[in-house]
Amino acid sequence: MNPKFIQKIASVALGTAMLVTLSVLIFIIFYILYQGLPIVSMEFLTTPIRDMGKSGGIFPTIISTFYLAFLSICIAAPLGIGTAVFLTEYTRENTVTRVIRFTTDCLAGIPSIIFGLFGFVFFVIYLGFGWSILAGSLTLATMMLPTIIRTSEEAIRAVPEGFREVTYGLGGSKWQSVTEIVLPKAFPGILTGIILSMGRAVSETAALIFTAGMSLHTPVSVLSSGRSMAVHFYTIAREGISLQMAFGTAAVLIVTISIINISSYLLMHKYMRKYA
Amino acid sequence: MNKFIETIIEKSIILIAFSTVAVLFLIAFFIFKEGIPFLAQYGLPGFLTGSTWLPGEDKFGILPMIIGSIYVTLGALIVGVPLGVGSAIFLVEFANKRIRNIIKPAIELLAGIPSVVYGFIGIMVLAPWVRINFGGSGLSILTASIVLGIMILPTIISITMDSLTALPSVYKEGSIALGATTWQTVIMVLLPGAKSGILAGIILGMGRAIGETMAVIMITGNAIRIPTSLYDSVRTMTSNIALEMGYALGIHRSALFANAVVLFGFIMILNTIAILIINKRSK
Amino acid sequence: MRISWKAAIFILLFVLFIYVSFTAKPVLPIRLAGSTAFQPFAEKLAEKYMEEHPSITVDVQGGGSAVGIMASQQGIVDIGMADMLSLPHDIDYLERTVVARDGIAVIVNPANKANEISFDQLGKIFSGEINNWKDVSFDNAPIRVISREEGSGTKKSFDQLVLNGKKLTREAMFQDSNGTIRETVRSDPNAIGYISIGYLTSNVKPLLIDGIAATNENVKAGIYKISRPIFLILKANPKDAARKFLNYLLEAEAQKIIASDGLIPVK
């Protein structure tokens, strides 16, 4: 057979694979937005849930989602960035770093249902937080750590060695070089990781059902229970409470996720151009 | 004084750096604490190979769930690997940079879509289609395989792309200079070179498929039996935990934690293999 | 260390946020969790109760009867909700009240030709002895049995009443709430399942059992047999507010609401 001909067939086949992948994505997004956007209105976004989700809006779930995402990042970011600083600035490759990297990679692969069970036994029951925003955020934070560590590490490594040497040359300490040179330079990269983790918090369901509970009310304190948008969507879609409300919630979810993804992408892009 | 502060900072950073180790340890400890006493009492072999799961009668065999997990995961790989690896090769070797720059973020978006949304589309669109065209209830291995196959695409595509672009460009240039077509270069030079990276991506995708919960609950029908056809309903280990945890008391609850221990074991084995492969490559 | 004003504002906001989150403690809510059969009613009554007592928050969660039992046992909630024929003995020390009774309807897809089945047939369908609709009605199609989850109060009651010692068929599929069973039956012409009478909608068709319709009147009159009580369980050392709410649920007004929405009141 003619290699040119095979080449043609191959490129068509591979192109088809690409097209299938892409059309699935486009289908999912358009299907949800087409069915859901007409339901989304200011009222939908700002009124409380009524009748178990049959009517009313999704205001409490937006607040819960925001609360969970924000609090979990407040917990995970210092730990994750700290770990990345340790791995890059305070040590050389040795057994300790290998252990830390290995556990980080393992943590990244653990299914969310296991995080959920863990959060349930540890935060909800053992520490006595009950189903609450706090227990949910702590669980989410443990899930986010790997992403934040990895992206921060990459961002910090991308800061040229020369910058640090200048600080030392001026008599600065290691901590000064970290806070005044390395972290500000690596900030956009770190922020990308944080925004991506936010996406994970927004879309998580399995872990939150067991830890944050499913209260229909707007959470007031960190010890209130609250259902995030994804959890709310799961319940009303699965129980057939209201297909309309389900589609509406899904549309808001998809839009939120898209905003998160696009902003992290733009940030990354800007950052790369600065250094490349 | 400054020296003193520096030391404190350094020590606390070391402490922070062990947070992942601590978290992993805590997770393992608390899951095992609940699950191991049950396994010791019930017996691991009986638990793994028993095909009856009747918590009401104290019969706990998770073989159907293990098989269910394996089936849907294999199914997901059959759907996801050709599509994913194919798309990645296309993007790296056949598409121009502009197309790549548009499509890559789109695929990352695919990774960001919540799994419940995939499950929902599975019920709304795919399950009725399977029921009408193939029979059965539509909540089946086939439906789950397709949905999971799509869900693992981003993992496979991005890791395959990374390992293809990481290859030294001389490989490709040499092959092209010898008069090979792009396809021949891909088959004979690039794929063998990127083999371990692609494999690692596939294993990570496998981990994601085994660990997926919410989408799977929605689209498999959750029957407890060893399936005989693609159109049969199955239950996976993850759905078994998530479905019954809400209702479980006493020994039933311990059995579910034991199920989580088994799942944890599966995932750790897969993770370790993937990490070893990736580390070997980067050396 | 220099701190720019932007960073200062951010840190200030952050501290404020943390401060508010940890100190803003409204009167701790009365928490209920458990039976998904009673959840919508509890939710509705809670809304009403909060209107009358603006200073009190009542927080209702589902989860299932076992969650209701476990959570009240462990003190995670103030009141656990459980629907089953009888409660397990390990919580004998907890106070409980029957707040309502609830019938269980057997449902099929509206496209299904069957309208009526006998109690005996029902048992045989769920145990797998009958697995084709032709033995019940006219369609020649496999029967797909949809059951509630192991541990669900509805399943426990249904199995006890209908299967009567026989085992559930191994072909059965499982869904974990009234709503999901209804959805599965709604979309599958050959499925059969069971849900609380309160969850019936026009999307699914309730079957007559031995000629008797699954209605509250029939349950109350004692001629429709498949029903069970709904228990509310107080945690140990309950707070006053929880007890007051529980008493409110037993008052005539609340019981009227329970009745008008599809449960059988106890008073």
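Thresholds applied
- Residues numbered from 1 in each chain as written.
- Chains lettered and ligands numbered in written order.
- Predicted model: local features only at pLDDT ≥ 70, side-chain atom pairs only at ≥ 80, totals over all residues.
- UniProt positions renumbered as here; feature names shortened; annotations may be inferred.
- Helix = DSSP H or I, 4+ residues; strand = E, 2+ residues; numbered from the N terminus.
- Buried ≥ 20, exposed ≤ 12 C-beta atoms within 10 Å, placed from the backbone.
- Contact = placed C-beta atoms within 7 Å.
- Core = buried A, V, L, I, M, F, W, Y, C linked by C-beta atoms within 7 Å.
- Domains from an automatic or database assignment.
- Nonpolar A, V, L, I, M, F, W, Y, C, P; charged D, E, K, R; others polar.
- Axes fitted to C-alpha atoms, helices over the stretch in contact; angles between N-to-C directions.
- Parallel < 35°, antiparallel > 145°, perpendicular 65-115°, else oblique.
- Left-handed = near helix turned anticlockwise from the far one by under 90°.

An unreviewed UniProt entry lists chain B under the name Phosphate transport system permease protein. Checking UniProt for chain B, the heading Subcellular location (unreviewed entry) contains the comment "Cell membrane".

S.K.: Residues and numbers for the overall build of chain C, please.
M.R.: Scanning chain C from terminus to terminus reveals 9 helices and 12 strands. Once the C-alpha set of chain C is aligned to its principal axes, its extents read approximately 80 × 45 × 35 Å. Looking at the 267 residues of chain C, the share that counts as buried comes to 49%. Counted over contacts in chain C with a minimum sequence separation of 6, partners at least 24 positions apart contribute 73%.

S.K.: How would you summarise helix 11 (residues 237–245) of chain B if you had to cite specific residues and measurements?
M.R.: The element helix 11 of chain B is extensively covered by neighbouring structure, given that 9 of its 9 residues are classed as buried. Of the residues making up helix 11 of chain B, those classed as buried are Met237, Thr238, Ser239, Asn240, Ile241, Ala242, Leu243, Glu244 and Met245 of chain B.

S.K.: So what's going on with the nonpolar core? Residues and values would help.
M.R.: Counting 259 residues, the largest nonpolar core has Ile114 and Leu117 of chain A as the members making the most contacts within it. Here this core spans two domains, and each of domain 1 (8–101 + 229–265) and domain 2 (103–227) of chain C adds at least three residues to it. Ignoring any residue separated from it by four or fewer positions in sequence, one finds Leu117 of chain A in contact with Phe210 of chain A together with Ile31, Ile241, Phe257 and Ala260 of chain B.

S.K.: Please give an account of unusual backbone geometry that cites residues and values.
M.R.: All names here are of chain B. Even without being glycine, Asp58 reaches a positive phi, approximately 60°. Relative to the assigned elements, Asp58 resides in the loop between strand 1 (53–54) and strand 2 (59–60). Phi at Asn222 is positive, roughly 65°, even though this residue is not glycine. Position of Asn222 among the secondary structure elements: in the loop between helix 10 (214–220) and helix 11.

S.K.: Run through the interface of chain C and chain A, naming residues and quoting values.
M.R.: With 20 residues of chain C at the interface, the matching set in chain A holds 18 residues. Of all the elements, helix 6 (residues 178–187) of chain C adds the most residues to the side of chain C that touches chain A, at 5 residues. When its residues are assigned to classes, the side of chain C that touches chain A shows 6 nonpolar, 8 polar and 6 charged.

S.K.: Describe in detail the environment of Ala242 of chain C, supporting the description with residues and values.
M.R.: Residues and elements named next belong to chain C. You can see Ala242 is positioned in helix 8 (residues 240–250). Note: C-alpha distance between Ala242 and Glu129 (113 residues apart in sequence) is 47 Å. Apart from residues no more than four positions distant in its own chain, Ala242 is found in contact with Ile30, Asp78, Ile79 and Leu234.

S.K.: Please provide a residue-by-residue account of the packing of helix 5 (residues 112–126) of chain A against helix 6 (residues 133–157) of chain A, values included.
M.R.: Residues and elements named next belong to chain A. Axis separation between helix 5 and helix 6 bottoms out at 9 Å; the angle between their running directions is 135°. Between helix 5 and helix 6, the crossing angle belongs to the class labelled oblique. For the crossing formed where helix 5 meets helix 6, the hand is right-handed. Across the interface between the two elements, Ser112, Phe115, Gly116, Gly119, Phe123 and Val124 from helix 5 touch Ala135, Leu138, Thr139, Thr142 and Met143 from helix 6.

S.K.: Account for the interface of chain A and chain B, naming residues and giving values.
M.R.: The interface is formed by 68 residues belonging to chain A together with 65 residues belonging to chain B. Taken together, the residues of the side of chain A that touches chain B break down into 47 nonpolar, 17 polar and 4 charged.

S.K.: Just give me the short version of helix 10 (residues 229–238) of chain A, but keep the residues and values in it.
M.R.: Residue and element names in this part refer to chain A. Most of helix 10 sits inside the fold, with 10 of its 10 residues counted as buried. Looking at helix 10, one finds that the buried residues are Met229, Ala230, Val231, His232, Phe233, Tyr234, Thr235, Ile236, Ala237 and Arg238. Looking one or two residues past helix 10, Gly240 carries a phi angle of roughly 60°, positive in sign.

S.K.: Provide a residue-level description of the domain arrangement of chain C, including the pertinent values.
M.R.: All names here are of chain C. Parsing chain C into structural domains produces domain 1 (8–101 + 229–265) and domain 2 (103–227). Once you take the C-alpha centre of each, domain 1 and domain 2 turn out to be 29 Å apart. Each side of the interface is counted separately: domain 1 has 15 residues, and domain 2 has 16 residues. Put simply, the parts of the chain that give the side of domain 1 that touches domain 2 at least two residues each are helix 3 (65–74) and strand 3 (79–83). Of the residues in the side of domain 1 that touches domain 2, the class split is 7 nonpolar, 5 polar and 3 charged.

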